Amino acid sequence: MLMLMLLLLPPPRTGRLSSFTLRSRYFKSLALRSAPGRAMASAFTHAFAAVALGNMASGKARGWRFWVLAAGSAVLPDADIIGFAFGVDYGDLLGHRGFFHSLLFALIWALFVVLLEFRQTRGRELAWLIGFFFVATASHGVLDAMTNGGLGVAFFSPFDTTRYFFDWRPLEVSPISITRFFTEWGGAVLRSEWRYVWLPLGSLWVCVWTARRFFEALSDWRKSSRL
Ligand SMILES: [Zn+2]
């Protein structure tokens, strides 16, 4: 059904300026189609962002399966590079940074994970899990839209296949090839990701952790002083 829906949808549109901070970048150039080597934030950074967000948003201890799924969900959209081996072009609906980087895919994946792994869960916890896995998966596209290369991200695919970048794009785009990653280029990628993702998100994580411990200690102290 989903595949049928995707096949019936219109082809990608050429670039147009969108509102606010999103700017479309759709270039179906021959160079990009034949040499799709530049196209992602590194997998480590995607995984780190999901784990940091999960730790900040969740006040309770969670098992290793949860964290593996969180990190995996954030990395998963780049599995669309497999399409290159089957002749799918970068700018196609199912191409790299296409449907599998969209918000709809993030929602479908979140529902799938929760159904598969947390089907006994109910109520507020269920809503939290769906919301979290949606954010963890969608965070991938957000980071990709902050990179300085490749095509933009089809956030609203399959309804609107325009590729988007944010106006602020401080992240050095990462090579798809692993061998290219271990070069000067990979070093530049890690430096920019350290500066614009790991450092700010890590600092925020420490602040949230400290504040949470502080309020827990304060609450314990109040309870004990009442006794
Ligand atoms: Zn990506």
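Quick caveat, the model's predicted, so the values are computed rather than measured. (Residues numbered from 1 in each chain as written. Predicted model: local features only at pLDDT ≥ 70, side-chain atom pairs only at ≥ 80, totals over all residues.)

Draft legend 1. Layout of the overall build of the chain. Helix and strand counts for the chain stand at nine helices and four strands. Of all 227 residues assigned to the chain, the portion counted as buried reaches 33%. (Helix = DSSP H or I, 4+ residues; strand = E, 2+ residues; numbered from the N terminus. Buried ≥ 20, exposed ≤ 12 C-beta atoms within 10 Å, placed from the backbone.)

Draft legend 2. View of the packing of helix 3 (residues 43–57) against helix 7 (residues 123–144). Closest axis-to-axis distance for the helix 3/helix 7 pair is 9 Å, and the angle between their directions is 140 degrees. Taken together, the axes of helix 3 and helix 7 lie oblique to each other. In this structure, the crossing between helix 3 and helix 7 has a hand that is right-handed. Along its contact with helix 3, which presents Thr 45, His 46, Ala 49, Ala 50, Leu 53, Gly 54 and Ala 57, the element helix 7 presents Phe 132, Val 135, Ala 136, Ser 139, His 140 and Leu 143. When grouped by side-chain class, the residues that make up the contact of helix 3 with helix 7 number eight nonpolar, five polar and no charged. (Axes fitted to C-alpha atoms, helices over the stretch in contact; angles between N-to-C directions. Parallel < 35°, antiparallel > 145°, perpendicular 65-115°, else oblique. Left-handed = near helix turned anticlockwise from the far one by under 90°. Contact = placed C-beta atoms within 7 Å. Nonpolar A, V, L, I, M, F, W, Y, C, P; charged D, E, K, R; others polar.)

Draft legend 3. Broad picture of the nonpolar core. Counting residues in hydrophobic clusters, the biggest one holds 33 residues, and the most contacted among them are Ala 50, Ala 74, Trp 109, Ala 110, Phe 133 and Ala 136. In terms of residue count, helix 7 provides more of this core than any other element does, eight residues in total. Sequence-distant contacts of Ala 110, defined by excluding residues within four places in its chain, comprise Ile 130, Phe 133, Phe 134 and Thr 137. (Core = buried A, V, L, I, M, F, W, Y, C linked by C-beta atoms within 7 Å.)

Draft legend 4. Quick peek at helix 7. With 22 residues, helix 7 extends 33 Å from end C-alpha to end C-alpha; this agrees with the ideal 32 Å at 1.5 Å per step. Of all the bends found along helix 7, the most pronounced is centred on Ala 138 and spans about 25 degrees. Taken as a whole, helix 7 has its buried residues at Leu 129, Phe 132, Phe 133, Phe 134, Val 135, Ala 136, Thr 137, Ala 138, His 140, Gly 141, Leu 143 and Asp 144. (Expected span 1.5 Å × (residues − 1). Bend = angle between axes of the 7 residues up to and from the residue.)

Draft legend 5. Unusual backbone geometry, seen in detail. The omega torsion across Ser 157 and Pro 158 is 5 degrees, close enough to zero to call that bond cis. Secondary-structure assignment places Pro 158 in the loop between helix 7 and strand 3 (164–166).

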